[in-house]
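What follows is each chain in one-letter form.
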Amino acid sequence: MYDYDLLVVGSANADLVIGVERRPGAGETVLGSDLAVHPGGKGANQAVAAARLGARTALLARVGDDAYGRLLLESQRTAGVDTVGVLVGGAPTGVALITVDPSGDNSIVVSPGANGRLTPEDVRAAGCLFQGSRVVSAQLEIPLETVVEVVRNLAPESRFVLNPSPPRPLPQEVLAACDPLIVNEHEAKVILGDSAVGDTPEDWARILLAKGPKSVVVTLGAEGALVASAAGVSRVPAVKVHAVDTTGAGDSFTAALACRLGAGESPARAAAYAARVGAATVTKEGAQASFPTAAEVAGS
């Protein structure tokens, strides 16, 4: 019996968000809206998204002993996430500087802060969390060596889900553990590198799959998503909505997909559900504040 449906190992940031008519060019200053501060970070976002969908969720992360860190801890606890694995201190809380244009598209610069101090030793010290988790999810806003240690500490029957964002080349040990590796177009091309042969998402997925993951999911924004495994490649249609703010959409998609896969659903069905969750997310402003509950998804 698992204690948790999902253990998220990753980043926790304060999102500092400004709305702009357009993003500035080099050397240019533009005026924006009033500053809004939201709890964020890809790891913290995934944990809140999963908990709001009803999953028993824990977070392994590091925040600073400061106001932003307290904001992040409060948001996790309010959502129902177990924060026993959230470590405090060592550096200031990570911060993401986000601009959002009228179409809902965003640009993000991240100062990792305490996220960069989440170490392999922290992972080894949290062994009981790994042993009690059905699915473990990670991203790359923490050190890559820490993600490698996550893979080495997985329980024998646990499933590992990785969204390699921000993207970088991955060691074979990490690729081989992914089930699935979840990438968007940009992330796919970075990981493929010199292996980037072919022009279609189906091509990218097949080549990524050949690099070792047990399964691959390619998210395609308004074009939906694509699921690839040894059983074949299939498309998942997008859910049409009016996008207000895309911040956090990828994180809610990943969390929903991980939870549904852990519950035994097929990759295609899990991805279809995750697409609905991601679509609901972009209809509201902010990241964690926009994540839907399971009841909201069912009614959409």
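The coordinates are above.
Residues numbered from 1 in each chain as written. Predicted model: local features only at pLDDT ≥ 70, side-chain atom pairs only at ≥ 80, totals over all residues. Heavy atoms only, no water.

On to the overall build of the protein. Across its full length, the protein holds 11 helices and 13 strands. Relative to its length of 300 residues, the protein is compact, with a C-alpha radius of gyration of 18 Å against a globular reference of 19 Å. Referenced to the eigenvectors of the C-alpha coordinate spread, the extents of the protein come out at roughly 50 × 45 × 40 Å. Per-residue burial for the protein yields a buried fraction of 53% across its 300 residues. Counting contacts in the protein only where the partners sit at least 6 residues apart, residues at least 24 apart contribute 66% of the total. A total accessible area of about 12600 Å² is found for the protein, and carbon and sulfur atoms account for 54% of it. Averaging the locations of the 24 positively and 32 negatively charged side chains of the protein gives two centres separated by 4 Å. (Helix = DSSP H or I, 4+ residues; strand = E, 2+ residues; numbered from the N terminus. Rg over C-alpha atoms; globule rule 2.2 N^0.38 Å. Buried < 20%, exposed > 50% of the residue type's maximum accessible area, 1.4 Å probe, protein only. Contact = heavy atoms within 4.5 Å. Areas by Shrake-Rupley, 256 points an atom, 1.4 Å probe, with all protein chains shown as cover. Lys, Arg positive; Asp, Glu negative; His and termini not counted. Charge placed at Lys NZ, Arg CZ, Asp CG, Glu CD.)

Let us now look at the packing of helix 1 (residues 42–52) against helix 2 (residues 67–79). Each pair of packed helices can be summarised by the angle the axes make with each other and by the distance between the axes. Axis separation between helix 1 and helix 2 bottoms out at 9 Å; the angle between their running directions is 20 degrees. Judged on the interaxial angle alone, helix 2 and helix 1 are roughly parallel. Once helix 1 is placed against helix 2, the crossing between them reads as left-handed. The residues of helix 2 that touch helix 1, namely those facing Ala44, Ala47, Val48 and Ala51, are Ser75, Gln76 and Ala79. Tallied by class, residues from the contact of helix 1 with helix 2 come to five nonpolar, two polar and no charged. (Axes fitted to C-alpha atoms, helices over the stretch in contact; angles between N-to-C directions. Parallel < 35°, antiparallel > 145°, perpendicular 65-115°, else oblique. Left-handed = near helix turned anticlockwise from the far one by under 90°. Nonpolar A, V, L, I, M, F, W, Y, C, P; charged D, E, K, R; others polar.)

Most of strand 1 (residues 4–9) is tucked away, with five of its six residues classed as buried. Note: strand 1 against strand 8 (residues 133–139), five bridges, orientation parallel. From the neighbouring strand, Val8 faces strand 8, where its bridge partner is Ser137. Relative to strand 4 (residues 57–63), strand 1 runs parallel, the two being bridged by four bridges. Paired with Val8 across the strands is Leu59, a residue of strand 4. (Pairing = 2+ DSSP bridges.)

Residues Ser165 and Pro166 are joined by a peptide bond in cis, for which omega reads -5 degrees. In this fold, Pro166 is placed in the loop between strand 9 (159–163) and helix 6 (172–177). Here the residue pair Asp179 and Pro180 is connected by a cis peptide bond, since its omega of 10 degrees sits within 30 degrees of zero.

Now for the side chain of Gln46. If you trace the backbone, Gln46 turns up in helix 1. The contact partners of Gln46, leaving out residues within four places of it in the chain, are Val8, Ser137, Gln139, Asn163, Asp251, Thr254 and Ala255.

Where charged atoms from two side chains of opposite charge approach closely, those side chains can pair. This structure, assessed with the given rule, holds 13 salt bridges. Note that Glu121 is salt-bridged to Arg124, the shortest N-O span being 3.1 Å. Of this pair, Glu121 and Arg124 both sit in helix 3 (residues 120–125), three residues apart, which is roughly one turn of the helix. With a shortest N-O distance of 3.3 Å, Arg159 and Asp179 are connected by a salt bridge. Linking Arg159 in strand 9 with Asp179 in strand 10 (residues 178–183), this pair joins segments that are 20 residues apart in sequence. On the basis of relative accessibility, which here comes to 21%, the residue Arg159 falls in the partly exposed class. Given a relative accessible area of 16%, Asp179 falls into the buried group. (Salt bridge = Lys/Arg side-chain N within 4 Å of Asp/Glu carboxyl O.)

Structural measurements only, silent on function.
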